[in-house]
Amino acid sequence: MEQLTPAPGPGEEEKRRGLRRMKSIALGFLLAATVIFVVTTLTGGPAWVGYVRAAAEAGMVGALADWFAVTALFRHPLGIPIPHTAIIPTRKDVLGKSLGDFVGTNFLAENVVRDRLNRVGISKRLGEWLAGPGNADRVTGELVTVLQGAVTVLKDEDVQAVVEQAVVKKLMDVPWGPPLGKLLARVFADGSHHKLVDLLADKAYDWVKDNHSTMLRVVSDRAPSWSPKFVDEMVADKVYGELVSFAWLVKTDVNHPMRLALDKFLVQFAEDMQTDPEIMARAEQVKHQVLEHPEVQNVIGSAWSTAKKMLLAAAEDPSSELRTRVRDGLHTLGDRLVDDDGLRTKVDGWVEGAAGYVVRNYRSEITTLITDTVERWDGEETARKVELQVGRDLQFIRINGTVVGALAGLVIYTVGQLLG
């Protein structure tokens, strides 16, 4: 497996200087104890010198023992391959696995994650942040950047193929008659078509009223050649008057038989589109004629290109309707998350549920990231990096070992003198 060097952290040079300084201080404690021991051993003197010598001797032992313990974490002491030394470089894989298991058990447990998210109150914090000045604009800009990248990366021919397969094929496969009949039945039942009927009645009345000459020409064209012209005009006037009267009644009387007959026809037509095989077949013919029409095919073929241009143009324009609606929507969402307790509860529940699902089903994959990364690190470099991070604090163990050892040696020597 290829060995990787752990990435350097911030302020490494300062940490390196601090580590060297603490090592010098710890070594100074050892040297001081050694000098005191040598001087008191060679010179002899009063009885109290024995107490000082005993303290110095125990301090030397404690300092050396703790130096060995600290050094054995990162390397072989004095370069001697003593068993169970150089623990980090030789057992980093085991340590990495243990670290991954520890993180998975104590930090990625579902109850721990849910409890933490519940106490954090993500929805409220998100709402307050979105409601803050400029934050909705920032999110809108980031979303637009993502949209532009996604639209640019997508290949036009691939998207067009998806459109044709997913949309056009779906339209061709699904019968139009029954669903269209159900839609029309709901429209007719609600009376939503009455405004359209009113418009048609108005237009019909206006057309009849304004086309007296057309009516005269039609009657003249259909009349016998021997019929006198004044007779044709009288007949045309009579027909025109009847038509105007009829059109006016249809326009003004919502219960006119013509309107009622039209309603009955429309209701029956909607029913036939759902049940009559002949009408349903004719609807399918119309569907194929529409979708196979060259103009419709051109529209379908250029649909993605047109949509792509519109999206990119709207994304680039800060004042576009797209960006304005997204920005306003984010502002509104932020305000609602701050003020609406019910919405916050729902959002927090969604977040906790999603996080719980992730750690419940993918915890091992997450912790594997730790173990695999540690396995790929170089052992000696890893030891140097770890020592750089925690070695300064570990030097206090050596200092404390010297001091505590000296005190322990003094106590032991004193007890020995009292008992002797």
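Residues numbered from 1 in each chain as written. Predicted model: local features only at pLDDT ≥ 70, side-chain atom pairs only at ≥ 80, totals over all residues. Heavy atoms only, no water.

Draft legend 1. Looking closely at the overall build of the protein chain. On a plain count of helices and strands, the protein chain comes out with 18 helices and zero strands. Residues counted as buried form 29% of the 420 residues belonging to the protein chain. When the accessible surface of the protein chain is summed, it comes to about 27,400 Å², and 64% of that surface belongs to carbon and sulfur atoms. (Helix = DSSP H or I, 4+ residues; strand = E, 2+ residues; numbered from the N terminus. Buried < 20%, exposed > 50% of the residue type's maximum accessible area, 1.4 Å probe, protein only. Areas by Shrake-Rupley, 256 points an atom, 1.4 Å probe, with all protein chains shown as cover.)

Draft legend 2. Looking closely at the pattern of salt bridges. In the structure shown here, the tally under the stated rule is 12 salt bridges. In this structure, Arg114 and Glu110 form a salt bridge, with 3.1 Å as the shortest nitrogen-oxygen distance. Taken together, the residues Arg114 and Glu110, both in helix α4 (residues 110-120) and four residues apart, mark about one turn of the helix. On the basis of relative accessibility, which here comes to 25%, the residue Glu110 falls in the partly exposed class. What emerges from the salt-bridge pattern is a single network uniting Lys23, Arg75 and Glu387. (Salt bridge = Lys/Arg side-chain N within 4 Å of Asp/Glu carboxyl O.)

Draft legend 3. Representation of the nonpolar core in the model. Counting residues in each nonpolar core, the largest one holds six residues, listed as Val103, Leu108, Val113, Leu117, Ala355 and Val359. Taken together, the elements giving at least two residues each to this core come down to α4 and α17 (341-376). (Core = buried A, V, L, I, M, F, W, Y, C linked by side-chain atoms within 4.5 Å.)

Draft legend 4. The packing of aromatic side chains, seen in detail. Going through the model one piece at a time under the given rule, you end up with four aromatic pairs. Relative to Tyr413, the ring of Tyr51 has its centre 5.0 Å away and its plane inclined at 85°; by these criteria the two rings are edge-to-face. Linking Tyr51 in helix α2 (residues 47-74) with Tyr413 in helix α18 (residues 379-419), this pair joins segments that are 362 residues apart in sequence. On the numbers, 6.2 Å between centres and 70° between planes, the contact of Tyr357 with Tyr362 is edge-to-face. Taking relative accessible area as the criterion, Tyr362 reaches 39% and is therefore assigned partly exposed. (Phe/Tyr/Trp six-rings, centres within 6.5 Å; stacked < 30°, edge-to-face > 60°.)

Honestly, that's just the spatial picture; any functional story needs more than this.
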